[in-house]
Amino acid sequence: RSVYIIPLKVGVKKRVVVAKTTIKPGEILSPKNTGIKEKIFNYEPNNVFFNLADVWGKIAKTYIKAGSVIKKEQISEPYLVKSGQRVKIIFQYQNIEVIAYGTALQNGKKGEIIRVRRKNKIFLGRVENENTVVVQLY
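It should be emphasised that the depicted structure is a prediction, and the values quoted were computed from it without experimental measurement. (Residues numbered from 1 in each chain as written. Predicted model: local features only at pLDDT ≥ 70, side-chain atom pairs only at ≥ 80, totals over all residues. Heavy atoms only, no water.)

Draft legend 1. Spotlight on the sheet that holds strand 7 (residues 113-118). If you walk around this closed barrel you meet the 5 strands as 5-6-7-8-9, and the pairing is mixed. Averaged over all pairs of adjacent strands, the angle between their axes in this sheet comes to 50°, without regard to strand direction. Inspection of the sheet shows strand 5 (residues 86-93) paired to strand 6 (residues 96-104) by 8 bridges, in the antiparallel sense. Bridge pairing in strand 6 links Ile-89 to Ala-100. (Pairing = 2+ DSSP bridges. Helix = DSSP H or I, 4+ residues; strand = E, 2+ residues; numbered from the N terminus. Axes fitted to C-alpha atoms, helices over the stretch in contact; angles between N-to-C directions.)

If you want it as structure tokens, here you go:
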């Protein structure tokens, strides 16, 4: 008589967000390139997404191979301001605000500090929204 030992695969089954196609760095995640798939994990996953709405509109930071689970560290918030874009610059000094227009010299997400140019001067300012940068003057 022979005894066969069959290894049991114990894991956690979860429906997670995966790449439907290979996603390149800088590509925006959308219904075209993402989907939901049931996967088995050896542990309770905490660095992945379970809802498509949580990834749509975000930007890939790395290559994400088709069929692979999308991890939180692989994506980021989209840029609100793009390099070369005309932006409203709000200069703030104590209780005074002056509004002018200039050019973003870097891409920026909400809250990030980027360089902007007004005439021939370059300032550092915080991205407020998709067309506004706030420069604090001291």
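Structure shown, so let's carry the discussion forward.
Draft legend 2. Layout of the pattern of salt bridges. A full pass over the atoms with the stated rule returns 3 salt bridges. Notably, a salt bridge pairs Glu-38 with Lys-13, separated by 3.8 Å at the nearest N-O pair. Placement of Glu-38 in strand 2 (residues 34-41) and of Lys-13 in strand 1 (residues 12-19) is noted, with a sequence separation of 25 residues between them. For the salt bridge of Glu-77 with Lys-58, the shortest nitrogen-to-oxygen distance reads 3.6 Å. With Glu-77 in the loop between strand 4 (75-76) and strand 5 and Lys-58 in the loop between strand 2 and strand 3 (59-60), this pair connects stretches of sequence that are 19 residues apart. (Salt bridge = Lys/Arg side-chain N within 4 Å of Asp/Glu carboxyl O.)

Draft legend 3. Representation of the environment of Ala-19 in the model. Its location among the elements puts Ala-19 in strand 1. Residues Ala-19 and Asn-46, 27 residues apart in the sequence, show an inter-C-alpha distance of 18 Å.

Draft legend 4. A look at unusual backbone geometry. Although it is not a glycine, Gln-94 adopts a positive phi angle of roughly 50°. Along the chain, Gln-94 turns up in the loop between strand 5 and strand 6. Backbone geometry at Lys-119 places phi at a positive 60°, although glycine is not the residue there. Residue placement: Lys-119 occurs in the loop between strand 7 and strand 8 (121-129).

Draft legend 5. Highlighting the environment of Thr-132. Locating Thr-132 in the fold gives a position in strand 9 (residues 132-136). Expressed as a C-alpha distance, the spacing of Thr-132 and Val-87, which sit 45 residues apart in the sequence, is 5.6 Å.

Draft legend 6. Quick peek at a nonpolar patch on the surface. Together, Tyr-93, Ile-96, Val-98 and Leu-137 make up an exposed nonpolar region whose accessible area comes to about 350 Å². Checked against the element boundaries, Tyr-93 lands in strand 5. Classification of Tyr-93 by relative accessible area gives partly exposed; the value is 38%. (Patch = residues over 30% accessible without salt bridge, like charges linked within 9 Å, V, L, I, M, F, W, Y side chains within 5 Å. Areas by Shrake-Rupley, 256 points an atom, 1.4 Å probe, with all protein chains shown as cover. Buried < 20%, exposed > 50% of the residue type's maximum accessible area, 1.4 Å probe, protein only.)

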